[in-house]
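# Observations on the model geometry
Residue strings, one per chain:
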Amino acid sequence: MNWGTKLIIGMALFMTFIVALGILMFRSNTDALVDNDYYEKGIHYNDEYDSKERVKTDLAKPLLEINGDELHLTFTSSAIGNLKLMRLDDKKLDRNIKFESNEDHQVSIPTGLLTTGRWNLIVHWTSGGRDYIYEQEIHLK
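Residues numbered from 1 in each chain as written. Predicted model: local features only at pLDDT ≥ 70, side-chain atom pairs only at ≥ 80, totals over all residues. Heavy atoms only, no water.

## A few points about the pattern of salt bridges
Using the criterion set out here, one finds six salt bridges in the structure. A salt bridge links Asp-89 to Arg-87; the shortest N-O distance between them is 2.7 Å. Residue Arg-87 is classed as buried on the basis of its relative accessible area, which comes to 15%. For the salt bridge of Arg-118 with Glu-137, the shortest nitrogen-to-oxygen distance reads 3.5 Å. Residue Arg-118 is located in strand 6 (residues 117–127), and its partner Glu-137 is located in strand 7 (residues 130–140); the two are separated by 19 residues in the primary sequence. The exposure class of Arg-118 is partly exposed, given its relative accessible area of 44%. Overall, the relative accessible area of 45% leaves Glu-137 in the partly exposed class. (Salt bridge = Lys/Arg side-chain N within 4 Å of Asp/Glu carboxyl O. Buried < 20%, exposed > 50% of the residue type's maximum accessible area, 1.4 Å probe, protein only. Helix = DSSP H or I, 4+ residues; strand = E, 2+ residues; numbered from the N terminus.)

Next comes the structure, spelled out in structure tokens:
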């Protein structure tokens, strides 16, 4: 076998590899890096940014404690909102929890049914007519 034949075989194998990757790419139906509603999120990005910055300017950062099988959030004033727990490695484990703080401005969320590991905690709440967003990475044991 001379060098020309080896070159043709090598090119054919490379082209087969590229075609196989293209077929795999089009057959995959999930893309973890893209949100389904990315357009709407892009339109409302400034509102989200302002809500995150408002937490800093109003000194409204909630106090977060994990005690046993409960996650405790303490706010600076009464709050109504939504808590989103996002699992980094499996989107199917994500949880959305609506809450309303008690008279002590606290919310307790049971974590017994959640798997251990790293979670992203995103809290959207309204307090005193103003919207706030706070994000933090937590580790459940």
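## Here we look at the packing of aromatic side chains
Going through the model one piece at a time under the given rule, you end up with four aromatic pairs. The interplanar angle of 55° and the centroid separation of 5.1 Å between the aromatic rings of Phe-75 and Trp-125 together place this pair among those described as tilted. Here Phe-75 is found in the loop between strand 2 (70–74) and strand 3 (80–87), whereas its partner Trp-125 is found in strand 6, with 50 residues between them in sequence. Across the pair, exposure class does not vary: Phe-75 and Trp-125 are buried alike. Through a chain of ring-to-ring contacts, three or more aromatic side chains come together here, namely Phe-75, Phe-99, Trp-125 and Tyr-132. (Phe/Tyr/Trp six-rings, centres within 6.5 Å; stacked < 30°, edge-to-face > 60°.)

## A look at the side chain of Thr-111
Mapped onto the secondary structure, Thr-111 falls in the loop between strand 5 (106–110) and strand 6. By relative accessible area, which is 7% here, Thr-111 ends up buried. Sequence-distant contacts of Thr-111, defined by excluding residues within four places in its chain, comprise Gly-68, Asp-69, Glu-70, Leu-71 and Leu-140. (Contact = heavy atoms within 4.5 Å.)

## Structural notes on the confidence of the model for the chain
Looking at the chain as a whole, its pLDDT mean stands at 88, while 95% of the residues score no less than 70. The spread of mean pLDDT over the elements of the chain runs between helix 2 (residues 38–43), the lowest at 81, and helix 1 (residues 3–27), the highest at 94. (pLDDT = per-residue confidence, 0-100.)

## Observations concerning unusual backbone geometry
A positive phi angle, close to 50°, is found at Leu-59, a residue other than glycine. Mapped onto the fold, Leu-59 is located in the loop between helix 3 (45–57) and strand 1 (63–67). Positive phi outside glycine occurs at His-105, with the angle close to 65°. With respect to the helices, strands and loops of the structure, His-105 is situated in the loop between strand 4 (95–100) and strand 5.

## Focus on the nonpolar core
Inside soluble globular proteins, nonpolar side chains tend to come together where they are buried. Within the largest apolar cluster, 21 residues are counted, with the highest numbers of intra-cluster contacts made by Phe-75, Leu-83, Phe-99, Leu-121, Val-123 and Trp-125. For this core, the elements supplying multiple residues, two or more each, are strand 2, strand 3, strand 5, strand 6 and strand 7. Those residues in contact with Leu-83 that sit more than four places away from it in its chain are Leu-73, Arg-95, Asn-96, Ile-97, Phe-99, Ile-109, Leu-121, Ile-122 and Val-123. (Core = buried A, V, L, I, M, F, W, Y, C linked by side-chain atoms within 4.5 Å.)

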